[in-house]
Amino acid sequence: MRKFSLVEFSVNHPKLVVILSIIITLAFMTQFPKMKTDTNPKHMLPDTSDVRVWNDEVDKTFTLYEDMIVLGIVNEKSVLNKETLGKVQRITDEILKIKGVAARDVNSFPTITNVTAEKGTLRVAPLMTEVPKNDKEIGQLRKMLLENPLFINRIISKDEKTTAIYVPLEKGANGKEVADKIREAVKKEKGDEKYYIAGDPVARDTFGSDMFKLMAIFAPIAGMIMLLVRYLMFRDLFLSVALMMDAMMSIVWSMGLLIALGFPIHIMSSMAPVFLMAIATDSIHIFNEFYFRYKEKRDKKAAIIETMNAVGRPVRYTALATAAGFAVLLFMNIIPVKVFGGLIAFGTVMLRILSFSFIPAMFMFVKEEKLDKASEGEDISSGRTSQFLKNLASLGAHKPKTVVFAGVALFVIAVFGISKTVVNNNMVDWFKEKSDIRVADSVMNKALGGTSLGYIVATSQEENFIKTPEAMRYIDGLQRHIEKLSVVGKTTSVVDYVKRINLVLHDDDPKYDSIPDSKAAIGQYLFLFSMSAKPADLDNVIDDYQAAKANIWLQLKTWDAQAMRDVIAAVNEYKKANPMPMNLKPAGTAYFNLVWNEEVLWDMVIGFTIALIVVFVILRFNFHSFRWAFVGYVPLVFTIILIYGVIGFMGKDFDMPISVLSTLSLGMAVDFAIHFISRFKQKLTESSESGVRSSEKSQKLPTPNSSLITDALLWTAARPGKGIMRNAVLFASAFSVMLFAPLTPYITVGAFIVSMMLLSAVMTIIYLPALIVLMKGWLFKED
């Protein structure tokens, strides 16, 4: 019984194959209306992860809000004037009305709690109950602000030019939507003041919104550029559209399956169309070989079948290597990473099925006269591109030692560059330097304590221990120690309230700006304060029922994950030097960002490492030889090391976008190596004196002479190498548009892919011939 061939079935029933492909695509498209998005980095980790469970516990214990927006108001003369203060009052009133804002805990001049004393009686009231009417009242407000450490660098800068309104959000509120409504409120105000909106929810939700908009813009633009470049390569619009349809179908199938399974579109999965478009370019090897075969045969059907026989094995194995590399991510710990890996692996397999069915079927609809015209330039003896590639390969084949030595030198330099790489993540830096979010974050961090919020939770096993002078002094000392760090702008704790109460009850005598010597006094102060203050004032810094936990607020001047790492190191240093029966543990958004940064990035690194091993095993099976697998592996490793070395020398942090691109670079680099070596071995076998032809089952070669090896290498560079270079140029030209994106991860993706594709292609054409010639005695040695 004859073995079933998908290619032959497709060329014999092209209409049926195309119709079935379209029907399946439409079926997957029916899932798109159900699409849900999720751009919250917190959901990168499962609900049961230690950091999420701990942060939820801290939020519950101290009645904290998950998200906080900061509105900065700047007047270069001073914010302490009637006009600006009136605007602060009106804007605060407008913010309190916005849906999603936790109005009861908004802090600004009109709402923040001020602690004073009158005739020995503690007075707790809002700082500014009404806008000052004259200079005397403004002077009194200035005195209350600048003499209270709780306010300085929090709601007023030391130079009086900046104030802030802290806007906590209810759970589930969208930071971008709230920020947009705040912008509407400030637009109503006229004058010299400048307004800046910052905070993690603003950056996070704005990035999420912009991300999907950019995908909607850049994916079609990239597709159109790919279509144009394909047309310039083959001068056949119909087949150029067919190759584009191949990519779009796999994207629709993959995203449709993702949505059907109930998964939301996350930051990582939103980039799947970009990756699948990259992987789809491997089909260009089919087009490249087809035009050569058609020119030789002048029989369309025979040319299709011979093309697929020639390139089928490398196309299958490149797909297997790419799919396996991404499938490894299914075994990682981070759910979105698992989803992303499975999504790309599925899409890659679908692309290969379409390559053996839809593309051959589409060839059958092209008229012979168009193919005659398109194939005219496919001549390795006269074509300019083929001659150029021959010259590149000749450099490696005739000067192998020089080429390999140059490669080794670059490799060593690149490894040194990698040693300079810092693992870090900063979502604010995902926006361009002059973007509103970056500017706002920079201005607020310079003027006030900082927009990045974290906590250090002090826990004792003894009830009411926090109210003891020993515990208070310990926490006070910890705050002073942490504040020595340049990344820390301000710390606030229950100690600051106790010291403030002690001071004002003693007529602002400086010697009482300290912690009382008795636990009873501290307890009384906190009780008096709780009677008049907003519940959140005390609840945010101490668990009032047991007084066994205290929360130290940290305002950091950067969203870099490294900042919280520095804080943790300082806390550990303080604990070691000052033993105390209290546990100190970080929490908050800044701490989550650190954990998320490390877990997601290292998950990707581990997955990438495993993928490297899996790909080598696949190369070994494809080439039936450890030696050939090793040779094919060298350009892959070299390309990746060189690019990451450049990243290290540039001072670019190793962040999530770069870590995601690692697996893509692996897939594309191995793609070129498989095609080059497979076709080289085919050609060498065909040219050997024995006349033995290669087969799917055996790739053992007779020992060839140097001339045969060189001729086969130059042929491979000129013919299959043309497909490799076309693949690289096609995708690099399309994704160069991402260099103009407003979000830096897209710029990173664009720059990385452009450099990676071109470098991989050049490395394959030059370096593989050099290695093969230099190691021919080992490679062709009989086992």
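Higher on the page you've got the structure.
If you're wondering where the values come from, they're calculated on a predicted model, not measured in any experiment.

Caption draft 1: Here's a closer look at the sheet that holds strand E9 (residues 583-587). The 4 strands are arranged E7-E8-E6-E9 in an open sheet whose pairing can be described as antiparallel. The sheet terminates laterally at strand E7 (488-492) and E9, the two strands that pair on one side only. Pairs of neighbouring strands in the sheet enclose a mean axial angle of 25 degrees, with direction left out of account. With 4 bridges joining them, E7 and strand E8 (residues 549-556) adopt antiparallel strand pairing. From the neighbouring strand, Thr 491 faces E8, where its bridge partner is Leu 554.

Caption draft 2: Representation of the pattern of salt bridges in the model. Within the structure shown, the criterion is met by 27 salt bridges. Residue Glu 94 pairs with Lys 97 through a salt bridge whose shortest N-O separation is 3.9 Å. The class for Lys 97 is exposed, based on a relative accessible area of 65%. Note that Lys 133 and Glu 130 form a salt bridge whose closest N and O atoms lie 3.1 Å from each other. In this structure, a network of salt bridges that share partners links the residues Glu 289, Arg 293, Glu 306, Arg 679 and Arg 719.

Caption draft 3: How the structure looks around the sheet that holds strand E5 (residues 194-198). Reading across from one edge, E4-E1-E5 is the order of the 3 strands in this open sheet, with antiparallel pairing throughout. Sheet topology places strand E4 (162-169) and E5 at the edges, where each strand pairs with a single neighbour. Between one strand axis and the next, the sheet turns through 20 degrees on average, direction left out of account. Inspection of the sheet shows strand E1 (residues 67-74) paired to E5 by 5 bridges, in the antiparallel sense. Residue pairing across strands places Val 70 opposite Ala 198, the latter belonging to E5. Running over the sheet, helix H6 (residues 175-187) touches E1, E4 and E5 and is turned about 25 degrees from E1. Its contacts with the sheet place helix H7 (residues 200-234) against E1, E4 and E5, and it is angled at close to 105 degrees to E1.

Caption draft 4: Looking closely at the packing of helix H22 (residues 561-577) against helix H23 (residues 589-623). Between H22 and H23, the shortest axis-to-axis distance is 8 Å and the interhelical angle comes to 110 degrees. As judged from the angle between their axes, H22 and H23 are roughly perpendicular. Of H23, the residues touching H22 (which contributes Ala 561, Met 564, Arg 565 and Ile 568) are Ala 590, Tyr 591, Asn 593, Leu 594, Asn 597 and Glu 598. Its residues assigned to classes, the contact of H22 with H23 comprises 6 nonpolar, 2 polar and 2 charged.

Caption draft 5: Spotlight on the packing of aromatic side chains. Scanning all chains against the criterion turns up 20 aromatic pairs. One aromatic cluster is present, built from ring pairs that chain together Phe 287, Phe 290, Tyr 291, Tyr 294 and Phe 363. Between Arg 154 and the ring centre of Tyr 166, over which it is positioned, the NZ or CZ distance is 6.0 Å.

Definitions and limits used
- Residues numbered from 1 in each chain as written.
- Predicted model: local features only at pLDDT ≥ 70, side-chain atom pairs only at ≥ 80, totals over all residues.
- Heavy atoms only, no water.
- Pairing = 2+ DSSP bridges.
- Helix = DSSP H or I, 4+ residues; strand = E, 2+ residues; numbered from the N terminus.
- Axes fitted to C-alpha atoms, helices over the stretch in contact; angles between N-to-C directions.
- Salt bridge = Lys/Arg side-chain N within 4 Å of Asp/Glu carboxyl O.
- Buried < 20%, exposed > 50% of the residue type's maximum accessible area, 1.4 Å probe, protein only.
- Contact = heavy atoms within 4.5 Å.
- Parallel < 35°, antiparallel > 145°, perpendicular 65-115°, else oblique.
- Nonpolar A, V, L, I, M, F, W, Y, C, P; charged D, E, K, R; others polar.
- Phe/Tyr/Trp six-rings, centres within 6.5 Å; stacked < 30°, edge-to-face > 60°.
- Lys NZ or Arg CZ within 6 Å of the ring centre and 35° of its normal.

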